[in-house]
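One letter stands for each residue in the lines below.
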Amino acid sequence: FQAEDGIRDRSPSRGLGDVYKRQEVRTWVDATGKFIVTAELVEVRGDKVVLQKQNGKQITVPVAKLSAKDQKFLNLVEHTAQAEAELEKGRLFFEKQDWDTAIACFTEAIRLNPSYAEAYFSRGLACNVKGDYDKSIADYTQAYVNRGYVYHETRDFDKSIADYTQAIRLNPNDAKANFSRAV
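Right, let's walk through the structure included here. Here the structure is a predicted model, which is why all the values come from computation and not from measurement.

**Observations regarding the overall build of the protein**
Scanning the protein for helices and strands turns up seven helices and five strands. Listing each helix as α and each strand as β along the protein from the N terminus yields β-α-β-β-β-β-α-α-α-α-α-α. The buried share of the protein, reckoned over its 183 residues, is 37%. Once local pairs closer than 6 in sequence are excluded, the contacts in the protein between residues at least 24 apart make up 46%.

Next up, the structure:
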């Protein structure tokens, strides 16, 4: 894990903003499995990742030297950040009442993060304002189903059931919502 002390890479950050700030300390492993560090993700700069160890020291590591699991994690973080950026862009277009562009941004956010309940909700709202009620209902339903799943995973069953129930109220024939509430 030939990490460099400090940040020496001057290539631009991928602009993933606050997503990095929400990352918790985790164990990072190199591709050989021999080197391990417990650190928090600071940012990705070009083909390198900046990590902050628990002692406060920052190290820079080539992404290619990380384990496949850690590279997959970075990819997920990047997609999440890009989805959040698309959501924010969509909100700006929504405020300007540019419904089609807002919907395109929300759709891109969903493509990047298919379980992004907030993007489904926002796209549903834009479709509703546009008068496309069938798409609006479908998106609102998906938002509740996705959030219900997260509540279920965090063992908050009352909130999970409430979201599944809301999804069913919007679309009584939604198989995912009906199945998930039954489980």
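**Some details on the pattern of salt bridges**
The final tally for this structure, using the stated rule, is eleven salt bridges. Among the ionic pairs, Arg 91 bridges to Glu 118, the shortest N-O distance being 2.1 Å. Taken as a pair, Arg 91 in helix α2 (residues 68-95) and Glu 118 in helix α4 (residues 117-130) lie far apart in primary sequence, 27 residues in all. Of the residues examined, Glu 118 reaches a relative accessible area of 38% and is grouped as partly exposed. A salt bridge links Asp 163 to Arg 147; the shortest N-O distance between them is 2.6 Å. Of this pair, Asp 163 sits in helix α6 (residues 157-170) while Arg 147 sits in helix α5 (residues 133-153), and the two are 16 residues apart along the sequence. Taken together, the shared-partner salt bridges in this structure form one network comprising Glu 88, Arg 91 and Glu 118.

**Section: the nonpolar core**
Counting 15 residues, the largest nonpolar core has Ala 83, Leu 87, Phe 106, Ala 109, Tyr 116 and Ala 119 as its most contacted members. Those elements that place two or more of their residues in this core are α2, α3 (99-112) and α4. Considering each element in turn, this core owes the most residues, six residues, to α3. In contact with Phe 106, other than residues within four places in its own chain, are Leu 87, Gly 90, Arg 91, Ala 119, Ser 122, Arg 123 and Ala 126. Grouped together as the second largest cluster of nonpolar side chains are 14 residues, Val 37, Ala 39, Val 49 and Val 61 included.

**Focus on the packing of aromatic side chains**
As enumerated under the stated definition, the model contains three aromatic pairs in all. The ring of Trp 28 has Arg 26 sitting right over it, with the charged end atom 4.6 Å from the ring centre. The positively charged end of Arg 26 is found above the aromatic ring belonging to Phe 73, 3.8 Å away from the centroid.

**Things to note about a nonpolar patch on the surface**
A cluster of nonpolar side chains, Phe 121, Leu 125 and Val 129, forms an exposed patch at the surface whose accessible area comes to about 230 Å². Tracing the chain through its elements places Phe 121 in helix α4. Since its relative accessible area comes to 38%, Phe 121 is described here as partly exposed.

**Focus on the packing of α2 against α4**
In the contact formed by α2 and α4, the axes pass within 11 Å of each other and the chain directions differ by 20°. Here α4 runs roughly parallel to α2, going by the angle between their axes. In the packing of α2 onto α4, the handedness of the crossing is left-handed. From α2, Leu 87, Arg 91 and Phe 94 reach across to α4, where they touch Glu 118, Ala 119, Ser 122, Leu 125, Ala 126 and Val 129. Of the residues assigned to the contact of α2 with α4, the class counts are six nonpolar, one polar and two charged.

**A word on unusual backbone geometry**
Look at Gln 97: it is not a glycine, yet its phi comes out positive at around 60°. With respect to the helices and strands, the residue Gln 97 is situated in the loop between α2 and α3. Here the phi dihedral of Arg 155 falls at roughly 65°; this positive angle occurs in a residue that is not glycine. Mapped onto the elements, Arg 155 comes out in the loop between α5 and α6.

Procedures and definitions
- Per chain, residues are indexed from 1 in the order of the written sequence.
- Residues qualify for local features only when their pLDDT is at least 70, as the model is predicted, and side-chain atom pairs are given and counted only at 80 or more; totals for whole chains, interfaces and linings, by contrast, use all residues.
- Water and hydrogen atoms were dropped before computing side-chain values, which therefore reflect all heavy atoms in the structure.
- By the criteria applied, helices consist of DSSP H or I runs no shorter than four residues and strands consist of E runs no shorter than two, each listed in order from the N terminus.
- Only protein chains enter the accessibility calculation, which uses a 1.4 Å probe; a residue whose area is less than 20% of its type maximum is buried, one above 50% is exposed, and one in between is partly exposed.
- Whether two residues touch is decided by their heavy atoms; if any such pair falls within 4.5 Å, the residues are in contact.
- We define a salt bridge as a contact between a side-chain nitrogen of Lys or Arg and a carboxyl oxygen of Asp or Glu at a distance within 4 Å.
- Take the buried Ala, Val, Leu, Ile, Met, Phe, Trp, Tyr and Cys residues and link them wherever side-chain atoms come within 4.5 Å; each set so joined is a nonpolar core.
- Two rings from Phe, Tyr or Trp (for Trp, the six-membered ring) form a pair when their centres sit within 6.5 Å of each other. Planes less than 30 degrees apart are called stacked, planes more than 60 degrees apart edge-to-face, and all others tilted.
- Note on geometry: a ring has a charge over it if NZ (lysine) or CZ (arginine) is within 6 Å of the ring centre and within 35 degrees of the ring normal.
- Patches here are clusters of residues that have more than 30% relative accessible area and form no salt bridge, with a 9 Å joining cutoff for like charges and a 5 Å cutoff for nonpolar side chains (Val, Leu, Ile, Met, Phe, Trp, Tyr).
- Areas reported here follow the Shrake-Rupley algorithm with a probe of radius 1.4 Å; residue values treat only the protein chains shown as occluding.
- Every axis corresponds to a line fitted to the C-alpha atoms, with the helix fit spanning only the stretch in contact, and the corresponding angles, defined between N-to-C directions, vary from 0 to 180 degrees.
- If an angle is under 35 degrees, it is roughly parallel; if it is over 145, roughly antiparallel; if it lies from 65 to 115, roughly perpendicular; otherwise it is oblique.
- Working rule for handedness: look at the near helix, and if it is turned counterclockwise from the far one by less than a right angle, call the crossing left-handed; if clockwise, right-handed.
- Only Asp, Glu, Lys and Arg are considered charged in this grouping, and only Ala, Val, Leu, Ile, Met, Phe, Trp, Tyr, Cys and Pro are considered nonpolar; every other residue, Gly among them, is considered polar.

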